[in-house]
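Analysis of the macromolecular model
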Amino acid sequence: QVQLVDSGGGSVQAGGSLRLSCAASGYTYSRYCMGWFRQAPGKEREKVAHVYIDGGRTFQYYSDSVRGRFTISQDNAANTLYLQMNSLKPEDTAMYYCAADPQCGPFVRGTPSYWGQGTQVTVSS
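Residues numbered from 1 in each chain as written. Predicted model: local features only at pLDDT ≥ 70, side-chain atom pairs only at ≥ 80, totals over all residues. Heavy atoms only, no water.

Turning next to the side chain of Thr-119. The residue Thr-119 is located in strand β11 (residues 119-124) in this model. A polar contact is formed between the side chain of Thr-119 and the backbone nitrogen of Gly-9, at a distance of 3.0 Å. (Helix = DSSP H or I, 4+ residues; strand = E, 2+ residues; numbered from the N terminus. Polar contact = N/O pair within 3.5 Å; in protein donor to acceptor, adjacent residues only side chain to side chain.)

Put into structure tokens, the structure is as follows:
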């Protein structure tokens, strides 16, 4: 059974940093597309970033709103996905969700098969 456990959220001031973690279990971690979404109150869920490893090559996607500030990475030995968030802005405030799917297509559509429980990020000005 696939299980994703998010952690690492918190409250920071603008300009600060946080690192989110997603511990995965129940599947062959390295063969899945993994990523992060976020949802702020009253807003639609938004893609943040995802990563996929194929034939030794790593493919990454970042939304325009986070590119250059956030970095997605994986520790395959620990079956853990990370999202390093730097230069945080108040508009980054949201619930952040880890997600996984055997393919990346569902990430583009916003419908990956598996989700974590979410971790709250709050950025104050």
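Here the narrative resumes.
This next bit is on the sheet that holds strand β3 (residues 18-25). Adjacent strands of a sheet form backbone hydrogen bonds with each other and so pair up, either parallel or antiparallel. Strand order in the open sheet made by the four strands is β1-β3-β8-β7, with antiparallel pairing throughout. Edge positions in the sheet fall to β1 (3-7) and β7 (70-75), since each has one partner strand and no second. Taking the axes of each pair of neighbouring strands and ignoring which way they run, one obtains an average angle of 15° across the sheet. (Pairing = 2+ DSSP bridges. Axes fitted to C-alpha atoms, helices over the stretch in contact; angles between N-to-C directions.)

Turning our eyes to something else, we now look at the state of the cysteines. A complete count under the given rule lists two disulfides for this structure. Disulfide pairing places Cys-22 opposite Cys-98 at an S-S distance of 2.0 Å. Disulfide Cys-22 to Cys-98: torsion about the S-S bond roughly -70°, handedness left-handed. In this pair, Cys-22 sits in strand β3 while Cys-98 sits in strand β9 (residues 94-101), placing the two residues 76 residues apart along the sequence. (Disulfide = S-S within 2.5 Å.)

Inspection of the entire model under this criterion finds four salt bridges. In this structure, Glu-46 and Arg-38 form a salt bridge, with 2.8 Å as the shortest nitrogen-oxygen distance. For Arg-38, a relative accessible area of 6% puts it in the buried group. One network of salt bridges, in which partners are shared, links Arg-38, Glu-46, Arg-69 and Asp-92. (Salt bridge = Lys/Arg side-chain N within 4 Å of Asp/Glu carboxyl O. Buried < 20%, exposed > 50% of the residue type's maximum accessible area, 1.4 Å probe, protein only.)

Let's shift gears to the nonpolar core. Counting 29 residues, the largest nonpolar core has Met-34, Trp-36, Leu-83, Met-85 and Tyr-96 as the members making the most contacts within it. The residues contacting Leu-83, other than those within four sequence positions of it, are Leu-18, Arg-19, Leu-20, Trp-36, Val-48, Ala-49, Phe-70, Thr-71, Ile-72 and Tyr-96. (Core = buried A, V, L, I, M, F, W, Y, C linked by side-chain atoms within 4.5 Å. Contact = heavy atoms within 4.5 Å.)

What follows covers the packing of aromatic side chains. The geometry of an aromatic ring pair is captured by two quantities: the separation of the ring centres and the angle between the planes. Tallied over the entire structure, the rule returns four aromatic pairs. Pairing Tyr-32 with Tyr-114 gives two aromatic rings, centres 6.4 Å apart and planes at 40°, and the pair type is tilted. Of the two residues, Tyr-32 sits in the loop between β3 and β4 (33-39) while Tyr-114 sits in strand β10 (residues 114-115), which places them 82 residues apart along the sequence. On the accessibility criterion, Tyr-114 (30% relative accessible area) is partly exposed. On the basis of an interplanar angle of 50° and a centroid distance of 5.0 Å, the ring pair of Phe-37 and Trp-115 is categorised as tilted. One end of the pair, Phe-37, is in strand β4; the other, Trp-115, is in strand β10, with 78 residues separating them in the sequence. For Trp-115, a relative accessible area of 28% corresponds to the partly exposed category. Following the ring pairs from residue to residue traces out a cluster consisting of Phe-37, Tyr-97, Phe-107 and Trp-115. (Phe/Tyr/Trp six-rings, centres within 6.5 Å; stacked < 30°, edge-to-face > 60°.)

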